[in-house]
Amino acid sequence: QVQLVESGGGEVQAGGSLRLSCAASGRTFSSYGMGWFRQAPGKERECVAAINGNGARTYYPDSVKGRFTISRDNAKNTVYLRMNSLKPEDTAVYYCAAVRTYYYSSKSSDYDYWGQGTQVTVSS
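Remember, it's a predicted structure, so these values are computed and weren't measured experimentally. (Residues numbered from 1 in each chain as written. Predicted model: local features only at pLDDT ≥ 70, side-chain atom pairs only at ≥ 80, totals over all residues. Heavy atoms only, no water.)

J.: Could you clarify how one ought to interpret the sheet that holds strand β3 (residues 18–24) in this entry?
T.: Strand pairing within a sheet occurs via backbone hydrogen bonds; the two strands may be parallel or antiparallel. Strand order in the open sheet formed by 4 strands is β1-β3-β8-β7, and the pairing between neighbours is antiparallel. Both edges of this open sheet fall to β1 (4–7) and β7 (68–73), since each of them pairs with a single strand only. The average angle at which neighbouring strand axes cross in this sheet is 15 degrees, direction not considered. Note that β1 and β3 share 4 bridges and pair antiparallel. (Pairing = 2+ DSSP bridges. Helix = DSSP H or I, 4+ residues; strand = E, 2+ residues; numbered from the N terminus. Axes fitted to C-alpha atoms, helices over the stretch in contact; angles between N-to-C directions.)

What follows is the structure, encoded as structure tokens:
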């Protein structure tokens, strides 16, 4: 069992930056692929970044490529999402998720564990 706790959300003006953190329990963090997802009201949950177990491979959709950066510190059991040049359309609840495989996935249905979510609001 893995427990995930997100932090770092909040309100920021358009063009600003935020860094989300996700702390994971357990001793085998490096064996999990990790992802960040978001869900805005009335919209489906979407993957905004994913990373494999050793951090060597990452995934971003076009909507955030060049603005968001995912990273992980396996010694601290933590994954991060750095978000720059934020836009009002980035407003959503952001979730951290873990998949029981060394590789990552961009599909929410592949993930086994989820955090409680943290709200990110970008004002224009």
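J.: Just checking my understanding: could you explain the state of the cysteines for this structure?
T.: By definition, a disulfide links the sulfur atoms of two cysteine residues through a covalent bond. Applying the stated criterion to the full structure yields 1 disulfide. The side chain of Cys 22 participates in a disulfide bridge whose partner is Cys 96; the two sulfur atoms lie 2.1 Å from each other. Residues Cys 22 and Cys 96 are joined through a disulfide that is left-handed, its torsion about the S-S bond being -75 degrees. Taken together, the positions of Cys 22 in strand β3 and Cys 96 in strand β9 (residues 92–99) put the pair 74 residues apart, joining distant regions of the chain. Note on accessibility: Cys 22 and Cys 96 belong to one class, buried. No disulfide involves Cys 47; its sulfur sits 11 Å from that of Cys 96, the nearest cysteine. (Disulfide = S-S within 2.5 Å. Buried < 20%, exposed > 50% of the residue type's maximum accessible area, 1.4 Å probe, protein only.)

J.: Is there a simple way to explain the side chain of Asp 90 in this structure?
T.: Mapped onto the fold, Asp 90 is located in the loop between β8 (78–83) and β9. Given a relative accessible area of 1%, Asp 90 falls into the buried group. Within polar-contact distance, the side chain of Asp 90 engages the backbone nitrogen of Lys 87 at 2.8 Å. Residues contacting Asp 90, with those up to four places away along its chain left out, are Arg 38, Arg 67, Phe 68, Ser 85, Val 120 and Val 122. (Polar contact = N/O pair within 3.5 Å; in protein donor to acceptor, adjacent residues only side chain to side chain. Contact = heavy atoms within 4.5 Å.)

J.: Sorry if this is basic, but what is going on with the pattern of salt bridges here?
T.: Opposite charge on two side chains permits them to pair, given that their charged atoms come into close proximity. Scanning the model with the defined rule gives 5 salt bridges in all. For Asp 112, the salt bridge is made with Arg 100, and the minimal N-O distance between the two is 3.5 Å. In this pair, Asp 112 sits in the loop between β9 and β10 (113–114) while Arg 100 sits in the loop between β9 and β10, placing the two residues 12 residues apart along the sequence. Residues joined in a network through salt bridges with shared partners are Arg 38, Glu 46, Arg 67 and Asp 90. (Salt bridge = Lys/Arg side-chain N within 4 Å of Asp/Glu carboxyl O.)

J.: Looking at this structure, I do not really get the pairing of strand β4 (residues 33–39). What am I missing?
T.: Both faces of the sheet carry side chains from a regular strand, because those side chains alternate between them. Buried residues dominate β4, accounting for 6 of its 7 residues. Relative to β9, β4 runs antiparallel, the two sharing 7 bridges. Across the sheet, Phe 37 pairs through a bridge with Tyr 95, a residue of β9. As judged from the 5 bridges shared by β4 and strand β5 (residues 46–51), these two strands associate in the antiparallel manner. Note on β5: the bridge partner recorded for Gly 35 is Ala 50. The turn linking β4 back onto β5 is made up of 6 residues, and Gly 42 within it adopts a positive phi angle of 80 degrees.

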